[in-house]
Amino acid sequence: MHSDAANLQLNSHLTTLASIHKIHHTLHRLNLTEDVGQDSHPSGNTSAGPSCCSRAMPPRKKRRPSAGDDMSAKKSRQDSVFRKHETSQIREEETFSSKRCLEWFYEYAGCDDVVGPEGMEKFCEDIGVEPENVVMLVLAWKLDAQSMGYFTLQEWLRGMGSLQCDSTERLRNSLDYLRSVLNDSTSFKLIYRYAFDFARQSKYKVINKDQWCNVLEFSRTINLDLSNYDEDGAWPVLLDEFVEWYKERQMS
């Protein structure tokens, strides 16, 4: 009986030691405890088990960053700096630059303060538009250019600034907008009026500005067959003569 009791007690101690050992190594693998010396290992005493289990859990040991962690953190900081720089560049490119616009002007003006016929030819070639294309008239109107075939520095900076164009690429991207301006009746009328002074040659006096503006009104209100034209209306003699000529031509 004594031998059986001794064996039972021994097995109980071994089971307790095995449990404590297993728990200790599990915590160690999870970095929740520190390695302990031989003095800390439980002895064969039956009180060793409860004493070890009741001990307060040691503080978690901080893991020192490895070389790989340092490189990763450094790369993350570099990426952050690069993203900030890239964002700054994009924001700068999206913003109109007077300096860039000025440099763009002198690409065509050379040493002068005006883009002349030669520079205008190269300018039209770069933006992919023929000089006689109506979009060039709209652009001149936007710049409020005073002479056909010439853009002064002041006209360029003011007009391109209103369009937010400071490069060939930006202006090319704005050509569809400039064409669409003609679809607005009010803008079309303003451009039409502007064209008279812009395109007029001083030695020719075939038509005055009132007659020029009346032609636009005539084209907008009179039917193609001229059936609603009132000869007693306030139309200028020029248009009366045109209607008379046209009807005689139709009859013949």
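The numbers attached to residues start from 1 for each chain and follow its sequence in the written order. In view of the model being predicted, local features appear only for residues whose pLDDT reaches at least 70, and side-chain atom pairs are presented and counted only at 80 or more, with totals across whole chains, interfaces and linings using the full set of residues. Based on all heavy atoms of the structure, the side-chain values leave hydrogens and waters out of the count.

What to know about the nonpolar core
Part 1 of the reasoning: Each nonpolar core is a collection of buried residues, namely Ala, Val, Leu, Ile, Met, Phe, Trp, Tyr and Cys, held together in the definition by side-chain atoms within 4.5 Å. Accessible area is worked out with a 1.4 Å probe on protein chains only. A residue is then buried under 20% of its type maximum, exposed over 50%, and partly exposed in between. Counting 32 residues, the largest nonpolar core has Trp104, Phe123, Leu139, Phe151, Trp156, Met160 and Leu171 as its most contacted members.
Part 2 of the reasoning: Here a helix means four or more residues in a row that DSSP labels H or I, a strand means two or more in a row labelled E, and each is numbered from the N terminus. Contributions of two or more residues to this core are made by helix H4 (98-109), helix H5 (117-127), helix H6 (134-143), helix H7 (153-163), helix H8 (168-180) and helix H9 (185-199).
Part 3 of the reasoning: If one sorts the elements of this core by residue count, H6 sits on top with six residues.
Part 4 of the reasoning: Those residues in contact with Phe123 that lie beyond four places of it in its chain are Trp104, Tyr108, Met136, Leu139, Phe151, Trp156, Met160 and Leu171.
Part 5 of the reasoning: Listed in part, the seven residues of the second largest apolar core include Ile222, Tyr229, Trp235 and Val243. Residue contacts follow a heavy-atom distance rule, with two residues in contact if any of their heavy atoms lie within 4.5 Å.

Remarks on the pattern of salt bridges
Two side chains with opposite charge may pair up if their charged atoms get near one another.
Part 1 of the reasoning: Salt bridge, as applied in this entry: a Lys or Arg side-chain nitrogen positioned within 4 Å of an Asp or Glu carboxyl oxygen. Tallied over the entire structure, the rule returns six salt bridges.
Part 2 of the reasoning: Lys122 is paired through a salt bridge with Asp126; the nearest N and O atoms lie 3.1 Å apart. Here Lys122 pairs with Asp126, and both are found in helix H5, just four residues apart, close to one helical turn.
Part 3 of the reasoning: Here the salt bridges share partners, and the residues they tie into one network are Arg100, Asp166 and Arg170.

A word on the confidence of the model for the protein chain
Part 1 of the reasoning: The pLDDT score gives, residue by residue, the confidence of the prediction method on a 0 to 100 scale. A residue-level look at the protein chain finds 62% of positions with pLDDT of 70 or above and a mean pLDDT of 77.
Part 2 of the reasoning: When the criterion is pLDDT under 50, residues 32-55 qualifies, and its contacts beyond four places in sequence or with other chains add up to 23 contacts.

Here we look at unusual backbone geometry
One can expect most non-glycine residues to show negative phi and most peptide bonds to be in trans.
Part 1 of the reasoning: Although it is not a glycine, Gln164 adopts a positive phi angle of roughly 60°.
Part 2 of the reasoning: One can find Gln164 in the loop between H7 and H8.
Part 3 of the reasoning: By relative accessible area, Gln164 is classed as partly exposed at 43%.
Part 4 of the reasoning: Positive phi, close to 65°, is recorded for Leu226, a residue that is not glycine.
Part 5 of the reasoning: Among the structural elements, Leu226 can be located in the loop between helix H10 (209-221) and helix H11 (237-251).

Considering H7
Part 1 of the reasoning: Turning to H7, its buried residues are Leu153, Glu155, Trp156, Gly159, Met160, Gly161 and Leu163.
Part 2 of the reasoning: Here the buried face of H7 lies against H4, strand E1 (114-115), H5, H6, strand E2 (151-152) and H8.
Part 3 of the reasoning: Phi turns positive one or two residues past the end of H7, at Gln164, with a value near 60°.

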